[in-house]
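# Breakdown of the fold
The chain contents come next:
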Amino acid sequence: MDKFLIILTSEMGRAFEACGYEREKAAVTLSARPDLCEYQCSGAMALAKKVRKAPLEIAGEIAGKLKDSGLFTRIQVLSPGFINFNVSEKFLTSYLNEMLGDSRMGCEQSRERKTIIVDYGGPNVAKPLHVGHLRSAIIGESVKRIGRYMGHEMIGDVHIGDWGLQMGLIITELKHRMPDLVYFDDEHIGEYPEKAPFTIADLESLYTAASSRAKKDEDFKEEARQATVFLQSRKSGYYELWRHILNISVQDIRKIYDHLNVHFELWYGESDAEAYIPDMIDRMQKEGYAYESEGALVVDVSCEEDDKEVVPCILKKSDGASLYTTTDLATIVQREKDFQPDMILYVVDKRQEMHFLQVFRCARKTGLVPDGTKLTHLGFGTMNGTDGKPFKTREGGVMRLEVLMKEITGEMYQKMEENSRNRPEGLKKEEILKTAETVAVAALKYGDLSNQASKDYVFDMERFLSFEGNSGPYILYTIVRIKSILNKYEKMGRNLERPMVLIPHDRSEKNLMLILAAFGAVMEAAYEEFAPHKICTYIYDLSNAFNRFYHETKILIQTDEEVQKSHLSLLVLCKRILETCIDVLGFSAPDSM
Ligand code: ARG
């Protein structure tokens, strides 16, 4: 079935054509002035110059043709040339009934199925995940789910940072602390121990110690650089140690992502691209793209139009080590070989813009992907504290993701525990804890996703956790309320085998119906622009519209059974749409709260 807005637009297009105007100008949009009308079309203004007529006159002609259409009511022409109108209740009602019978609720999948690799998460081995990684995980997961809902093949790749200097740092620190480990014995032959000589906690302290030492101690840093080169050339003891580091770290990382309901199709790391580096570099050299400069191997990627300097892309440093850029380029080679994607979408901090500009230009210039393949950086802003500065712990350190999640869940638990004390039925501690976890994840994700990704935003625990206002818990609360009404209805011995909506009985009901009808267009726009915040705005509006309707309408005490059925049918549709939306945002609703 077609999207609601598409039907309105094509009906408008017919009127344009009937007056001899091009139908492409007939786009219908939601009204910018909901107090005046529900929808509008400003096409007459766009035509005026071309056809040399006053826009008001054009709008008048078109409005005349719309009179017989069954779709529009209260058509008004407004200066300088707007066509304002409402949707006929009969048409709206029949559209909603069609939605009720359609598993996709009026949001058809895209006709052209694209393959899109979403590169998100980007955790680094042995470094704790911090709030920056949180944004990538939350936004990337949602964008991926939105694309999948629209029918595309979406492949999420975590792209773990496991091949850079931090690995050399950890290995070197370990060597200083435990020089007798067999991994450092150059004479060793045969197998290495199966069990790692450290835990995840050890790893993190090793990394912290090593990175602060490297800042003060040049020799140590040099040693770490050397260790990185050894690792990258697969020196056996180093490589075995690296495997332990990776295993232990990935187990820990998986746990955190699972808790956040973030799941990857591919668990590749920078190291997996390593195999593609030699050939890639070889070719870039042979074809004359790569050349030596100050001992390093580079590719020029500047262009004349640049208003700021774009420095050459470094493929190999003078010591032979490959860099972040190198692994990103080789990963493109790998992805092209494995999937021939239509697009690779990188959900990474916007401060890495220059890095991606270099990588994309180099990939294009050297032909790593066909011309039609899109390489896109979806850069996100910083999560700030209420003081407006990048989010930190109370002591001013980097906030670890686990700690943050524990804090939020703890706060939520307390709130729910207080609420539950005022309820006669009371809840068990485990139940409250489970619900608190679900709601806390929703609070965190919604708090993030409701902002346009590219903007910085303020992490405000109180606002995020509030049951009122534009928050995750408010949305969940609305869903839970709907579920509870539907349950009560069933307990009354009634059922809704064939949901059906009747003509709306008042403004609040029509308003709710109009918002429900817009679902398909919103989902499509959220996909086109990779903008989960559009879905957040939508479900906030929908929740508000539902709650207004709920307060103004007798539902369970309604005596007319047909009217009652109609109200409940609206609830069913509302619930399905809200649940679909939170699912693509990456969270779920509990049964009770
Ligand atoms: N590991 C990187 C970081 O923590 C992010 C990786 C992003 N993805 C990529 N293909 N470069 O900054």
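First things first, this report covers the structure right here in the doc. These figures come from a predicted structure and were not determined experimentally.

## Structural notes on the overall build of the chain
For the chain, the count of helices and strands is 20 helices and 13 strands. A buried classification covers 52% of the 593 residues belonging to the chain. Taking contacts inside the chain between residues at least 6 apart in sequence as the whole, the part at least 24 apart equals 74%. Only carbon and sulfur atoms are counted for the fraction: they give 49% of the accessible area of the chain, which is about 28,000 Å². Side-chain charges of the chain comprise 76 positive and 91 negative groups, with the mean position of each set lying 5 Å from the other.

## Some thoughts on the side chain of E38
Of note, E38 is situated in the loop between β1 (28–30) and β2 (39–41). Overall, E38 belongs to the buried group, its relative accessible area being 8%. If near-sequence neighbours (up to four positions away) are discounted, E38 is found in contact with L30, S31, F85, N86, V87, R507, K510 and L514.

## Remarks on the pairing of strand β5 (residues 115–119)
Here β5 lies mainly inside the structure; five of its five residues are buried. What you see with β5 is no split at all: T115, I117 and D119 on one side and I116 and V118 on the other are buried throughout. Summarising the sheet, β5 and strand β6 (residues 153–157) pair through five bridges and their orientation is parallel. Along β6, the bridge assignment pairs T115 with E153. For the handedness criterion, the β-α-β arrangement of β5, helix α5 (residues 131–149) and β6 is classed as right-handed. Examined bridge by bridge, β5 and strand β10 (residues 343–349) share four bridges and lie parallel to one another. From the neighbouring strand, I117 faces β10, where its bridge partner is I344.

## Description of the packing of helix α7 (residues 200–216) against helix α8 (residues 218–232)
Two numbers describe how α7 lies on α8: the axes approach to 6 Å, and their chain directions differ by 120°. Taken together, α7 and α8 sit at an angle that is classed as oblique. Between α7 and α8 lies a crossing of left-handed hand. Listed contacts from α8 to A210, R213, A214 and K216 of α7 are E218, F220 and K221. Residue classes in the contact of α7 with α8 are distributed as three nonpolar, no polar and four charged.

## Concerning the environment of K317
Considering the arrangement of structural elements, one finds K317 in the loop between β9 (313–316) and α11 (324–339). Taking the C-alpha atoms as reference, K317 lies 47 Å from C581; in sequence the two are 264 residues apart. Other than its neighbours up to four places away in sequence, K317 contacts R225, G295, A296 and L323.

## Some remarks on the side chain of K510
Counting through the fold element by element, K510 comes out in helix α17 (residues 507–517). Within the structure, the side chain of K510 is placed 2.9 Å from the side chain of E38, a separation counted as a polar contact.

## Considering empty space enclosed by the protein
Following the criterion strictly, the structure yields two cavities of 30 Å³ or more and no others. In this structure, the largest cavity occupies an estimated 60 Å³ of space. At the level of elements, α7 and α9 (236–259) are the ones that each hand at least two residues to the lining of the largest cavity. The space that makes up the second largest cavity amounts to roughly 40 Å³. Taken together, H259, M405, I408, T409, A440, V441 and L444 make up the lining of the second largest cavity. Elements with a contribution of two residues or more to the lining of the second largest cavity: α13 (401–421) and α14 (429–449). Taken together, the residues of the lining of the second largest cavity break down into five nonpolar, two polar and no charged.

Rules used in this analysis
- Residues numbered from 1 in each chain as written.
- Predicted model: local features only at pLDDT ≥ 70, side-chain atom pairs only at ≥ 80, totals over all residues.
- Heavy atoms only, no water.
- Helix = DSSP H or I, 4+ residues; strand = E, 2+ residues; numbered from the N terminus.
- Buried < 20%, exposed > 50% of the residue type's maximum accessible area, 1.4 Å probe, protein only.
- Contact = heavy atoms within 4.5 Å.
- Areas by Shrake-Rupley, 256 points an atom, 1.4 Å probe, with all protein chains shown as cover.
- Lys, Arg positive; Asp, Glu negative; His and termini not counted.
- Charge placed at Lys NZ, Arg CZ, Asp CG, Glu CD.
- Pairing = 2+ DSSP bridges.
- Right-handed = clockwise from strand over helix to strand, strands pointing away.
- Axes fitted to C-alpha atoms, helices over the stretch in contact; angles between N-to-C directions.
- Parallel < 35°, antiparallel > 145°, perpendicular 65-115°, else oblique.
- Left-handed = near helix turned anticlockwise from the far one by under 90°.
- Nonpolar A, V, L, I, M, F, W, Y, C, P; charged D, E, K, R; others polar.
- Polar contact = N/O pair within 3.5 Å; in protein donor to acceptor, adjacent residues only side chain to side chain.
- 1 Å grid on protein atoms, 1.4 Å probe; cavity = no way out; pocket = protein on both sides within 12 Å on 5 of 7 lines; lining within 4 Å.
- Points joined across faces, edges and corners; volume = space filled by probe spheres on them.

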